[in-house]
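# Geometric and topological summary
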Protein chains: 4
Amino acid sequence: MIIVLKDGADPGQVERLSEDLVEKGVKLYEIQGVSAKVIGVVGDTSLLSADVLMMNECVSKVLKVQEPYKLAGRRFNPESAVVDVNGAKIGGGEFAVMAGPCSVESEDQILSIAKDVKISGAKFLRGGAFKPRTSPYAFQGMGMEGLELLKMAREKTGLPIVTEIMSERHIDVFARDVDVIQVGARNMQNFNLLKAIGETGKTILLKRGLSSTINELLTAAEYALLRGESQVILCERGIRTFETATRNTLDLSAIPVLKEKSHLPVIADPSHGVGYWNYVSAMSLAAVAAGADGLIIEVHNCPDKALCDGAQSITPHLFEKLMKKIAKVREVITEE
Amino acid sequence: MIIVLKDGADPGQVERLSEDLVEKGVKLYEIQGVSAKVIGVVGDTSLLSADVLMMNECVSKVLKVQEPYKLAGRRFNPESAVVDVNGAKIGGGEFAVMAGPCSVESEDQILSIAKDVKISGAKFLRGGAFKPRTSPYAFQGMGMEGLELLKMAREKTGLPIVTEIMSERHIDVFARDVDVIQVGARNMQNFNLLKAIGETGKTILLKRGLSSTINELLTAAEYALLRGESQVILCERGIRTFETATRNTLDLSAIPVLKEKSHLPVIADPSHGVGYWNYVSAMSLAAVAAGADGLIIEVHNCPDKALCDGAQSITPHLFEKLMKKIAKVREVITEE
Amino acid sequence: MIIVLKDGADPGQVERLSEDLVEKGVKLYEIQGVSAKVIGVVGDTSLLSADVLMMNECVSKVLKVQEPYKLAGRRFNPESAVVDVNGAKIGGGEFAVMAGPCSVESEDQILSIAKDVKISGAKFLRGGAFKPRTSPYAFQGMGMEGLELLKMAREKTGLPIVTEIMSERHIDVFARDVDVIQVGARNMQNFNLLKAIGETGKTILLKRGLSSTINELLTAAEYALLRGESQVILCERGIRTFETATRNTLDLSAIPVLKEKSHLPVIADPSHGVGYWNYVSAMSLAAVAAGADGLIIEVHNCPDKALCDGAQSITPHLFEKLMKKIAKVREVITEE
Amino acid sequence: MIIVLKDGADPGQVERLSEDLVEKGVKLYEIQGVSAKVIGVVGDTSLLSADVLMMNECVSKVLKVQEPYKLAGRRFNPESAVVDVNGAKIGGGEFAVMAGPCSVESEDQILSIAKDVKISGAKFLRGGAFKPRTSPYAFQGMGMEGLELLKMAREKTGLPIVTEIMSERHIDVFARDVDVIQVGARNMQNFNLLKAIGETGKTILLKRGLSSTINELLTAAEYALLRGESQVILCERGIRTFETATRNTLDLSAIPVLKEKSHLPVIADPSHGVGYWNYVSAMSLAAVAAGADGLIIEVHNCPDKALCDGAQSITPHLFEKLMKKIAKVREVITEE
């Protein structure tokens, strides 16, 4: 940790600050620059808060040198993690696509889509039972009934199921019934939820928050990893920016950055990232080319409803075509 | 709701879309522009999802005319709400400051600060018992013990207490012990938490999420208000932008916007909004001048600790001076 | 154009607004919603300013249906443009990479790099002579001398040269000496510069501004296209967001969006977009997979300077490897 | 400057880097942390580029301790600057409001408004002759004719005139005719324009770019100040964020930050910052409360045009009322 002092900082204050730091067991190295003075702090700085240090009148800036995560970082885990969910593997060279509808709507719907995406090569079935909706007046998902339909689809297809948890109160049910527990962008910093799921031993799909930095995503993963029970898959799903032509801005550069900083598998969610079906194929291929270990893609199937018609009714077909291109891009990326 | 169709949209698809909409009980008005065709949708559009409509190949854009909130909006509640917490009032012309330490640290600390801020004119005591911290290795607050100290401070000073809830599992305790339950920025869209607190009848202090729009803040409030039991105070506390000179960007224009769109009380949190003590006074006064119904300000008191020294030890003194200026600015703003 | 009126708007004001609009030659269609009233405006709305309309007390929102560009849009130019610069083609199925150093530094440097990138398959040589630098104390480029060195490199390799213009005063020189005139992100809305270059007939490489929307990029291109003399290549080069792990956030979703809205060639600049060499290969491949018509990549060559050593000295070698992978990804993307 | 090395950096590379730095005349201090090693660089670091240093494979981060501006900074100019334009003063305790129409439209219009705002206490007349418009099809201002009308209004009222420059080619005319040359947000980093105006000796009103940090605003000012001829007034006018309820997000915290870092006068532009007339009064008062040295406000006067009617026709009247409140808030802020 580096502490930059203010020009003309009061020597008495600096001395008190230094004494207090030394008392906490760290070593100090002072560097007198042309105008500002800098203190290098060496040792276990995990208990020193930059915010608290900034409250000293003599301090101008505090710069952290070490990353604030260990279990989620590659520094202490040089080898890429392979997450294995009932035989479906992702990370460390294993590539996997999770596919399925935004919301589970009926038995017919989920079964039909599950079979289609399995044939096309998806390794996991995704589907929302509990839906986080901005408006309380919007459809909130089928709830427990949706979970049952997902389980039925799993039984029929053998695909592990991925679905989002919305409440600490559902942890027991999810730990029993779900293969991969998804923590959505809105709950990425719901720390109590993360800690509680981390104790279940279930694999967690952790989505990046809309305004969360890559560092914050990794420290959120750290919360879930601390009990040592659960595995975590990281997911880039778009951040919020000023651009409105897409629903969010899919930050694909997060993929190589995360792969460098962390050993955990990293996937992308182009469906939520861009928000419009016609851009999903392009962004799926781009995510694979950027080095993603997998994708999570929404696939719909609603041939006879006007509200979801035309191009949409052939989406399992588009998914099939996309999966073939994904495989080819993946091949180019991974060959030496 | 306005649906803009694509140029050269397939007439069959448009017809199916129209039939489906009419089936849902709304009326349609078509406008043929020079290039694009537009459909105006009149009636109860609350069940129509823009996202689902966008999935139609023939649709180019969907524009919402109505706001997606009712209970939180001024349209149906023209008169400004006065929130009354054990006699401490805020909103509808009543101005209130909530003050206290970031974290409750000890009996001495909280009692001393509570007395100081009460003398200076604060109407509420704030203090963190459960702290949301980016890093799992940082101090997470005193927890239940902190709550007990807050209750003791309330008993000694008569100030209602405001403190943040982090978990659905704590709702019963908070409903029993706390006067104003704060929902932090990270949990603004933790909808299950909002619904559960909304059933307790307790006043909620709802902070705007780091990347939440004003509309999203109001629809989050709607979740809490739906049961009709609780009152809500809205709080602008800074949004995340590219600027790093301040911790967040305090969006003071949200104050007049919220006051126009909603009848609920609106306060600002300059402490978290800017993140540096030396800017808090300026931004407090600015928030009052912008029309805020109140402020929530961190006040520290740590005279003999090097990690929190110098200017910080006189902070209750600065708070006292600030409160006098706040009163004068408030007077200018409210006079005819 | 759609005008949403306020609830309880004054009928007299609405009537005056309507009369004034009709006087401007447009047709009006009124739709009375449950609460709000909406006016559809049909005809030539290019002279109606949403900002001016918003100044009417009775207006709540103004929504534009038509895009504010014509020459840059695909609507009136359905066929993708092929830009041809002395035989080097880009767009409409033609793919091209522009490569070279950030700044021209010496004859040896630019010649050596130019030869290397040509051998690896680059179609254009890029290099900065005039450099936009945040700080006035930083190296501002070699200026005219740099231009001369670029011309020499063009003569030796046959590669057309791409370089950034910083001043209206240099337009004559650039029109004479440069093949593709680059307008940097900081000047994307320097409209007088755009108009002046648009008159030279030279091809323009227009980079997206750091905080510019896709629509603004296209309307900026419209300024340059209005005289009908010049061709424009659009370039996504990263937008400014809260994320600091990369210098900017490369918005690759802008590529499919731009390809849909516009017929102009679209390239990506991964070097500036991410800012760190170790992420450039991944993001180059991702941009190609997303459908880019080309790339602009910085290639350095400084084997014996400590300030630019190690991995950097082999960068032409990395570029060679990257170009091979780019070709393969491009093949996957373009095959039926 | 602080250079953080990578874990396991190659010692040979670190040595070459160190030698190269020492050759440039700076002193190095090494600190070996628990994992990472840090090099403190002391001396004249103005020629060291963080970007170039980052190109070394062994470097993980580069942290600048010193600010990259001198003439614009308070460090070397502790006393607040008072800018004096023909007797109209701003900064260093002097407060001034600049007011007038967005665009100059006619002699009647500009004269009438100029007189009105003068009576209400404005010290400067603002008005656009050359307008930067996103769309090339929008009204681009009256140009030179507008300048003549502004001069006439100056003659009649004695108010110095403030107007925006769009082109380097207009510098001579502006230097002759205009009192304060405004550089708009889109041109904040048009460095050649800044340098050229800086040579005229005219006062510059420098607006913050839509995505510019406070540091970038100050380094842009540095470009203009380097010749030592011109004075600069800094202007916060809103930054671009995800929020759409206001046109931009007026970053009022920039005011105390700029006042701390710089001795130059700082004003706010609430009109462009929020974009809607009904929020301008609140944000004007907030800016004054935050410590602004002045404001620039759009005042319209169009009593008999439907496109600009109702509440708008009384705007000079609203301005008059606002100016009285501004004076009172200013009084509260400045009293001891």
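Residues numbered from 1 in each chain as written. Chains lettered and ligands numbered in written order. Predicted model: local features only at pLDDT ≥ 70, side-chain atom pairs only at ≥ 80, totals over all residues. Heavy atoms only, no water.

On to the domain arrangement of chain A, then. Examined at the domain level, chain A breaks down into domain 1 (2-63) and domain 2 (83-333). Taking only C-alpha atoms into account, the centre of domain 1 of chain A sits 44 Å from that of domain 2 of chain A. (Domains from an automatic or database assignment.)

Looking now at the interface of chain D and chain A. Buried accessible area, meaning the area lost when the parts come together, often serves as the stated size of an interface. Listed by partner, the interface residues are 23 residues for chain D and 23 residues for chain A. Between chain D and chain A, the buried area comes to about 1,900 Å², and carbon and sulfur atoms account for 69% of it. When the area that chain D buries against chain A is broken down by residue, the three leading residues are Ile31, Val65 and Phe242 of chain D, summing to 25%. Across the contact surface, chain D and chain A share zero salt bridges. On inspection of chain D and its partner chain A, the count reaches zero residue pairs in polar contact (both at pLDDT 80 or more). If you list the elements that add at least two residues to the side of chain D that touches chain A, you get β1 (2-5), β2 (27-32), β3 (37-42) and β4 (59-63) of chain D. Class assignment for the residues of the side of chain D that touches chain A results in eleven nonpolar, seven polar and five charged. (Contact = heavy atoms within 4.5 Å. Buried area = accessible area lost by both parts, 1.4 Å probe. Salt bridge = Lys/Arg side-chain N within 4 Å of Asp/Glu carboxyl O. Polar contact = N/O pair within 3.5 Å; in protein donor to acceptor, adjacent residues only side chain to side chain. Helix = DSSP H or I, 4+ residues; strand = E, 2+ residues; numbered from the N terminus. Nonpolar A, V, L, I, M, F, W, Y, C, P; charged D, E, K, R; others polar.)

Once turned by 180° and shifted 0.0 Å along the axis, chain D lies on chain A with an RMSD of 0.1 Å. Interpreted geometrically, this transformation is the action of a two-fold axis. Relative to the rotation axis, the closest C-alpha in chain D is found at phenylalanine 242 of chain D, a distance of 2.2 Å. Interface overlap between copies is the fraction of interface residues in one copy that are interface residues in the other; for chain D against chain A it reaches 100%, indicating a shared surface. (Least-squares fit on C-alpha atoms with pLDDT ≥ 70 in both.)

Moving on, we come to unusual backbone geometry. Phi is positive for asparagine 86 of chain A, close to 50°, though the residue is something other than glycine. When you line up the elements, asparagine 86 of chain A lands in the loop between β5 (83-85) and β6 (88-90).

Each side of the interface is counted separately: chain A has 61 residues, and chain B has 61 residues. Buried surface at the junction of chain A and chain B, both sides included, amounts to about 5,200 Å², of which 50% is carbon and sulfur. The tally of links between chain A and chain B comes to four salt bridges. Across the pair glutamate 168 of chain A and arginine 169 of chain B runs a salt bridge, and its minimum N-O distance is 3.6 Å. The interface formed by chain A and chain B contains 20 residue pairs in polar contact (both at pLDDT 80 or more). Mapped onto the side of chain A that touches chain B, the elements with two or more residues apiece are α1 (11-23), α2 (50-54), α6 (191-198) and α7 (214-225) of chain A.

All names here are of chain D. Mapping lysine 89 onto the fold places it in strand β6 (residues 88-90). We classify lysine 89 as partly exposed; its relative accessible area is 32%. If near-sequence neighbours (up to four positions away) are discounted, lysine 89 is found in contact with Val82, Val83, Asp84, Glu94, Phe95, Ala96 and Lys123. (Buried < 20%, exposed > 50% of the residue type's maximum accessible area, 1.4 Å probe, protein only.)

Residue and element names in this part refer to chain D. Looking at where threonine 315 falls in the secondary structure, it is placed in helix α11 (residues 315-334). A relative accessible area of 5% places threonine 315 in the buried class. In this view, threonine 315 contacts Trp277, Val299 and His300; residues no more than four positions away in its chain are not counted.

Residue and element names in this part refer to chain B. Of all the five residues making up strand β9 (residues 161-165), five are buried; the element is thus mostly covered by neighbouring parts of the structure. Where strand β8 (residues 124-126) meets β9, two bridges bridge the pair, whose relative direction is parallel. Among the inter-strand pairings, arginine 126 is bridged to a residue of β9, identified as valine 162. Sheet analysis places β9 next to strand β10 (residues 180-183), joined by four bridges and oriented parallel. Among the inter-strand pairings, threonine 163 is bridged to a residue of β10, identified as isoleucine 181. Handedness of the crossover joining β9 and β10 through helix α5 (residues 171-177): right-handed. (Pairing = 2+ DSSP bridges. Right-handed = clockwise from strand over helix to strand, strands pointing away.)

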